[in-house]
Amino acid sequence: MTETLLLNAAKRSLQYLERIGSRKVQPDTSAIEQLKQLDEPFPARGMNPGDVLHLLDERCSPATMGVAGPRFFGFVIGGSLPVTLAANWLAGAWDQNSALYQIAPGTAHVEQIALRWLIELFGLPPDSGGAFVTGATVANFAALAAARHSVYIKAGWDIEGKGLIGAPPVTVVIGEEAHPSVFKSLGLLGLGRNRVVRVPVDDQGRMRADKLPKIKGPAIVCLQAGNVNTGSFDPIGEICKKAHGAGAWVHVDGAFGLWAVAAPDRAHLAKGIEEADSWATDAHKWLNVPYDSGLAFVRDRESLRAAMAITAEYLPTETEHRNPSDFVPELSRRARGVEIWAALKFLGRSGVADIVERTCRHARRFAEGLAAAGYEILNDVVLNQVLVSFGDVETTQKVIAEIQREGTCWCGGTVWQGRTAMRISVSSWATTEEDVEKSLEAMIRCARHHTK
Ligand SMILES: *Cc1c(COP(=O)(O)O)cnc(C)c1O
């Protein structure tokens, strides 16, 4: 029974992946319509598992976005390397609750190795603490919780114990172009989404170092490596120097941009990033592992532990090994570091660099092809992000809608510094030069219907 079921799931998954390159990236409206057939009353009796799987595949598979395929350029989210999907299945079978070393020694050990490799890959301080969390939003939250702990300890205040009510104020400095998830994290931490000091940015969305305010007293400075629209980086090294001179904690949101450090030809963008105090990134983006997989790193690992660890009589204490849950908001958790380990073991340093370089080259080709066809590229294409305008607001929106409907590839829209644009994000291991040419051709064909 179990064997039939699991082999059946593997067969259906394979079939799905084999077809993904030839179907439309966006699901058909008819497929979305058919989802309604799942809207039934809660069944009084169960169904046999083979039929459950069949129903799920038949109804839900066609209604999925082709993110796992080679021509999804909608968000910077990548696909899953086959080895990481396979590791995900195996780890699923293990069903480990990877909170505590004693309960899940195998997966806790593998995560510890993955953490060491990542720290080396990114050139971060070797003793940094790390957290395997659900995504960059929670990674920002965890790192900023460590920042909050540290600045309050220095101010003589036990923030975890006493809370924020009556606490001395902390200044938070952040670029105008920071990702909304950083503001959300600040809100969750009681530091406020809006009581921050915003620093103006330049035409690429980079924080202007000359506009950094004078920092006094307890302070946290939030920087960005990789703007979701342009791919640009704040001048991290320069701002770190100033902020550290004033005693502030520097946090970097590098949800996808941190991976540029792994690519020799891009690392210059992140110059000085190792000087920061904490970093957030995603593995489910450029490393191409399954959801959900984010990472936080903190130079002073004890600040992270102080913000996150709990104790209870029924939980075994651990002094010799790393307890994963001592560093994350969750207690019970899946061993998401296993897929990261598998990706790093499969790729090696050169393989990680190759994914980053290759996707950046594809982005350049998109920009060149669209510019040659007469369309305006709005950003300096320094990384894997391209912003293109097809004309006025209405024309650009119509072209985006047609590209999505046509289905060869999928890109979303945005507004960049007042200009409506299509965003192209290249971050999947599966995208080939042929996919880029095919997609370019489809984009230009769709655009021609509405321009010239
Ligand atoms: C994607 C992204 C986030 C949020 O990451 P999630 O994994 O979706 O939580 C934060 N910051 C930047 C710059 C991003 O690109």
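One can find the structure itself at the top, above this paragraph.
Cut-off values and rules
- The residue numbering used here restarts from 1 in each chain and proceeds along that chain's sequence as written.
- Totals for whole chains, interfaces and linings use all residues, but because this is a predicted model, local features are given only for residues with pLDDT of at least 70 and pairs of side-chain atoms are given and counted only at 80 or more.
- Side-chain metrics in this entry use all non-hydrogen atoms of the structure; hydrogen atoms and water are not considered.
- In this description a helix means any DSSP run of H or I spanning at least four residues, a strand means any run of E spanning at least two, and both kinds are numbered starting from the N terminus.
- We compute the radius of gyration over the C-alpha atoms and compare it with the globule rule, which gives 2.2 Å times the number of residues raised to the power 0.38.
- Relative accessible area decides the class of each residue, using a 1.4 Å probe on protein chains only: under 20% of the type maximum gives buried, over 50% gives exposed, and in between gives partly exposed.
- Residue contacts are counted whenever heavy atoms from the two residues lie within 4.5 Å of one another.
- In this description, accessible areas are obtained by the Shrake-Rupley approach with a 1.4 Å probe, and a residue is regarded as covered only by the protein chains that are shown.
- Counting rule for charge: Lys and Arg are taken as positive, Asp and Glu as negative, and neither His nor the chain ends is counted.
- In this description, the location of a charge corresponds to atom NZ of lysine, CZ of arginine, CG of aspartate or CD of glutamate.
- Proximity is defined per residue: if any heavy atom of the residue lies within 4 Å of a molecule or strand, that residue is considered near it.
- As used in this structure description, the phrase polar contact means that two N or O atoms lie within 3.5 Å; if the pair is within protein, one of them must be able to donate a hydrogen and the other to accept it, and residues adjacent in sequence are counted only when both atoms belong to side chains.
- Residues were grouped as follows: Ala, Val, Leu, Ile, Met, Phe, Trp, Tyr, Cys and Pro as nonpolar; Asp, Glu, Lys and Arg as charged; and all remaining residues, including Gly, as polar.
- Throughout, the protein atoms alone are placed on a 1 Å grid, and a set of points is a cavity if a 1.4 Å probe fits but cannot get out or a pocket if it is open with protein on both sides within 12 Å along at least five of seven lines; lining residues have an atom within 4 Å of a point.
- Grid points are joined across faces, edges and corners, and a volume is the space filled by probe spheres set on the points.

Peer 1: Describe the overall build of the protein chain, naming the residues involved and giving the relevant values.
Peer 2: A count of helical and extended segments in the protein chain gives 13 helices and 11 strands. Computed over C-alpha atoms, the radius of gyration of the protein chain comes to 23 Å, within 12% of the 22 Å expected from 2.2 N^0.38 for 452 residues, which places it in the range of a compact globule. With the C-alpha coordinates aligned to their principal axes, the bounding extent of the protein chain is approximately 60 × 60 × 45 Å. Taking all 452 residues of the protein chain together, 52% fall into the buried category. By sequence separation, contacts in the protein chain at least 24 residues apart represent 75% of the contacts at least 6 residues apart. Taken as a whole, the protein chain presents about 20,500 Å² of accessible surface, with 55% of it coming from carbon and sulfur. Counting 48 positive and 51 negative side-chain charges, the protein chain places the averaged centre of each group 4 Å from the other.

Peer 1: Give a description of the site of the ligand that names residues and reports values.
Peer 2: With respect to spatial proximity, 14 residues lie near the ligand, and among them Thr137, Asp253, Asp282, His284 and Lys285 are the closest. Within the side chain of Thr137, one N or O atom sits 2.6 Å away from an oxygen atom of the ligand. In the model, an oxygen atom of the ligand is placed 3.0 Å from a nitrogen or oxygen of the Lys285 side chain. Residue composition of the shell around the ligand, grouped by class: 4 nonpolar, 7 polar and 3 charged.

Peer 1: I'd like a description of the layout of surface pockets, backed by residues and values.
Peer 2: Space inside the largest pocket adds up to approximately 850 Å³. Lining the largest pocket are 30 residues; nearest its centre among them are Tyr16, Leu17, Ala68, Ser80 and Leu85. Contributing elements (two or more residues each) for the lining of the largest pocket: helix 1 (2-19), helix 3 (49-60) and helix 4 (82-94). Sorting elements by how many residues they give to the lining of the largest pocket places helix 1 first, with 5 residues. Split by residue class, the lining of the largest pocket holds 20 nonpolar, 8 polar and 2 charged.

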